[in-house]
Amino acid sequence: MISTINLEEQIRHICDNYKDAPIGGWIIGNGPIPADILFVGEAPGKTEVELKKPFVGMAGKTFEKYLNTIGLSRDAIRITNTCFFRPIKLTIGKTGRTTVSNRPPKTSEVNLFKKILDEEVNLVNPKVIVTLGNIPLRRFTDYKSIGECHGQLIFNKYINRSIFPMYHPSALTYNQSGDFLKMYEDDWQKLKDVLIKL
Ligand code: URA
């Protein structure tokens, strides 16, 4: 029987042996098992690795605020990532100083964790998987872009589960238009409606 300890060991093994690019630490999913809702993000950032928990940085604050607007708290949901390590980019500046920044995970990096994420989904056994952003969207559906399908329930017949795609909460930082905010807030209300019917 697979357990979260087992998942953690598998993640540790992959991260310890990953030599293709530098990484900035790793984390595992967080929240109850089983759970009716599983949120899946892209990959952890600096704060997540420091605090060893997904979605606790800036995007996490936005996420939690909207989660609360539909009457849910973090302790009722499971949240995890598509890539369990922090993908980083090292840039050497003119003065020779190296700066570390986040980058999206490559497809090969997402694939490293395919089996582990499938195992986590089976352990959590959610009624719905909510994907946050394009990386988990492509991992769980045939859609390529969140703009095509956000805010609607999609059935994945291969894993026999319902997927509800949402924009990544950090999209609000990049797109500050009133129309985008309204659409984002509407998607949370649509998720609330979907959950009532589950
Ligand atoms: N963004 C993600 O996609 N995942 C995290 O854990 C934090 C921010």
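Relevant structure appears above.
The sections below set out a description of the structure shown in this document. (Residues numbered from 1 in each chain as written. Predicted model: local features only at pLDDT ≥ 70, side-chain atom pairs only at ≥ 80, totals over all residues. Heavy atoms only, no water.)

Notes on the pattern of salt bridges
Thinking step 1. Under the definition given, this model contains 10 salt bridges.
Thinking step 2. Here arginine 78 makes a salt bridge to glutamate 120, at a shortest N to O gap of 2.9 Å. Of this pair, arginine 78 sits in strand β3 (residues 78-81) while glutamate 120 is found in helix α5 (residues 114-124), placing the two residues 42 residues apart along the sequence.
Thinking step 3. According to the relative accessible area criterion, arginine 78 is buried, its value standing at 4%.
Thinking step 4. Residues participating in the shared-partner salt-bridge network are Lys114, Asp118 and Arg139. (Salt bridge = Lys/Arg side-chain N within 4 Å of Asp/Glu carboxyl O. Helix = DSSP H or I, 4+ residues; strand = E, 2+ residues; numbered from the N terminus. Buried < 20%, exposed > 50% of the residue type's maximum accessible area, 1.4 Å probe, protein only.)

Some points on the sheet that holds strand β1 (residues 23-26)
Thinking step 1. The 3 strands are arranged β1-β4-β5 in an open sheet whose pairing can be described as antiparallel. Where the open sheet ends on each side, the last strands, each with one partner, are β1 and β5 (98-102). Each neighbouring strand pair of the sheet contributes to a mean axis angle of 30 degrees, computed without reference to strand direction.
Thinking step 2. Relative to strand β4 (residues 85-92), β1 runs antiparallel, the two being bridged by 2 bridges. Paired with isoleucine 23 across the two strands is proline 87, which belongs to β4.
Thinking step 3. Most of the contacts of helix α1 (residues 4-17) go to β1, to which it runs at about 165 degrees, and overall it touches β1 and β4. (Pairing = 2+ DSSP bridges. Axes fitted to C-alpha atoms, helices over the stretch in contact; angles between N-to-C directions. Contact = heavy atoms within 4.5 Å.)

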